[in-house]
Amino acid sequence: MSDRMIYLDNAATTRVREEVADAMLPYFTKEFGNASTLYYLADGAKNALHAARDTMAKILGCESEEIYFTGCGTESDNWAIQGTAEALCDKGNHIITTKIEHHAVLHTCQWLERHGAEVTYLDVDEAGMVRPAALEAAIRPNTILISVMFANNEIGTMEPVRQIGEIARRHGILFHTDAVQAFCQVPISVRELHIDMLSASAHKLNGPKGVGLLYVRKGVELPSFMHGGGQEKGKRAGTENVAGIAGFAKAAALAYEEMQQRMERETELRDHLIDRVLREIPFSRLNGSWRNRLPGNTNFSFQFADGETMLVMLDMEGICAAAGSACTTGQSAPSHVLSAIGLPDELSRGSLRLTLGYETTKDEIDYTADRLKEIVEKLQTMSPACERIRGQSRSFCRNGGIYK
């Protein structure tokens, strides 16, 4: 077991930055008052909530009153989708989404189907991109919501959100995007992109777990999602997680301030890793879009190698990675995302996601590429099928295809 620890699973969760932890601490100790009370002790908590809302509004290009704090991105997705279905049930019951959404969206849509909703699950191309023309063709007179993620959590593909927003606005349909992977990773202006609702989560950007947000455009009336109090303008009952919200705001402010530099740096390291893997490891391919991709995301498939075995062997070398999304790791079924882009089960099960963060270094990337090369070679050597093909041909496709 290596003494070294390289963390390359930032799409699953991230380390809380020290500045964020420092920003949270006062609301556990000195400023511990309940923000819903009237006495002086509550003022610090109230001010923190107002400041956090202002920070998020600045980042998204919206108004502070359009920001609602939740417990996580999953809650935000559920609220947006279930809330729209309830609020617009008199207008229609048809929802359009994609086959590669996070399960927070897919399972919510499936739950609504069991209660009378109609849902269209759009196909995507081999890069994981939804076609705007296909989306527009799926619109019906009873369509009330389009929910398409900003960027995929497994393969990093960024969807044509602007075009989707324009289509939704032209047809008078609400547009929700799950931006959990994209918020503060790439620029987002909800006004320019015609987004009506947006979900985000703190722990994807070096903030604390257990806090998220839902942007709801003014004029969109969602019913209360949690009942029992007047918090979040009566829409989301429950004592506010002030420390978590303060940490979320600090993490978002830091990420927003550093965004351009971080995007450039992570993209350079990402492309270096992609180049080394595809050039040096036989029977490898990159999953997802080459161009429209999150800066810190890589997802590979390796023929004749098992993803979970690779994870264990990488862990022994001190490298943290993922075989798929964190919400599905450990399940025997292939990733629904990789199946949707057309990968056969064998390649899906040989997939590996390596996601970078603001602390990732080139030395760590090279160490990972070196160890991964050794691990995959060892596993492929143990495969009789691989050895037969090696003996027949040593010409392998390096352009994102499978192999020749």
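Residues numbered from 1 in each chain as written. Predicted model: local features only at pLDDT ≥ 70, side-chain atom pairs only at ≥ 80, totals over all residues. Heavy atoms only, no water.

Brief notes about the overall build of the chain
The number of helices and strands found in the chain is 13 helices and 12 strands. The globule rule puts the C-alpha radius of gyration for 404 residues at 22 Å, and the 22 Å found for the chain is close to it. Each principal axis of the C-alpha atoms in the chain carries an extent, and together these give about 75 × 55 × 35 Å. Out of the 404 residues in the chain, the part that is buried amounts to 58%. Once local pairs closer than 6 in sequence are excluded, the contacts in the chain between residues at least 24 apart make up 74%. (Helix = DSSP H or I, 4+ residues; strand = E, 2+ residues; numbered from the N terminus. Rg over C-alpha atoms; globule rule 2.2 N^0.38 Å. Buried < 20%, exposed > 50% of the residue type's maximum accessible area, 1.4 Å probe, protein only. Contact = heavy atoms within 4.5 Å.)

Quick notes on helix 8 (residues 259-280)
Spacing of three or four residues puts side chains on the same side of an α-helix, whose turn is 3.6 residues. Compared with the 32 Å implied by 1.5 Å per residue over 22 residues, the 31 Å span of helix 8 between its first and last C-alpha is a close match. Considered for burial, the residues of helix 8 that qualify are Met259, Arg262, Met263, Glu266, Leu269, Arg270, Leu273, Ile274, Arg276, Val277 and Leu278. Residues of helix 8 that are buried make contact with helix 7 (242-257), strand 9 (284-286), strand 10 (297-302), strand 12 (351-355) and helix 12 (362-381). (Expected span 1.5 Å × (residues − 1).)

Description of the packing of helix 8 against helix 12
One way to put it is that helix 8 packs onto helix 12 with a least axis distance of 10 Å and a crossing angle of 20°. The angle between helix 8 and helix 12 places the two elements in the roughly parallel class. Pair helix 8 / helix 12 crosses with right-handed handedness. Residues Leu269, His272, Leu273, Arg276, Val277 and Glu280 of helix 8 form the contact with helix 12, whose participating residues are Lys362, Ile365, Asp366, Ala369, Asp370, Leu372 and Lys373. Partitioned by chemical class, the residues of the contact of helix 8 with helix 12 number 6 nonpolar, 1 polar and 6 charged. (Axes fitted to C-alpha atoms, helices over the stretch in contact; angles between N-to-C directions. Parallel < 35°, antiparallel > 145°, perpendicular 65-115°, else oblique. Left-handed = near helix turned anticlockwise from the far one by under 90°. Nonpolar A, V, L, I, M, F, W, Y, C, P; charged D, E, K, R; others polar.)

Observations regarding a nonpolar patch on the surface
Residues Met1, Val312 and Met316 make up a contiguous nonpolar surface patch of roughly 350 Å² in combined accessible area. Following the sequence through the fold, Met316 ends up in helix 9 (residues 307-316). (Patch = residues over 30% accessible without salt bridge, like charges linked within 9 Å, V, L, I, M, F, W, Y side chains within 5 Å. Areas by Shrake-Rupley, 256 points an atom, 1.4 Å probe, with all protein chains shown as cover. Salt bridge = Lys/Arg side-chain N within 4 Å of Asp/Glu carboxyl O.)

Observations concerning the sheet that holds strand 4 (residues 118-122)
With respect to topology, 7 strands assemble into an open sheet ordered 2-8-7-6-5-3-4, the strand pairing being mixed. Either end of the sheet is taken by a strand with one partner, and the two such strands are strand 2 (67-70) and strand 4. Strand-to-strand twist in this sheet, taken as the mean axis angle between neighbours without regard to direction, amounts to 20°. In the packing of helix 3 (residues 73-87) onto the sheet, contacts are made with strand 2, strand 3 (94-98), strand 5 (143-147), strand 6 (174-178), strand 7 (197-201) and strand 8 (212-216), and the angle to strand 7 comes to roughly 160°. The sheet strands contacting helix 4 (residues 103-113) are strand 3, strand 4, strand 5 and strand 6, and the helix crosses strand 4 at an angle near 145°. (Pairing = 2+ DSSP bridges.)

Section: the sheet that holds strand 12
Taking strand neighbours across the sheet as the criterion, the 3 strands line up as 9-10-12 in an open arrangement whose pairing is antiparallel. Strand pairing shows two members of the sheet lacking a second neighbour, strand 9 and strand 12, which therefore form its edges. In this sheet, adjacent strand axes meet at a mean angle of 25° when their direction is disregarded. Docked against the sheet, helix 9 engages strand 10 and strand 12, running at close to 45° with respect to strand 12.

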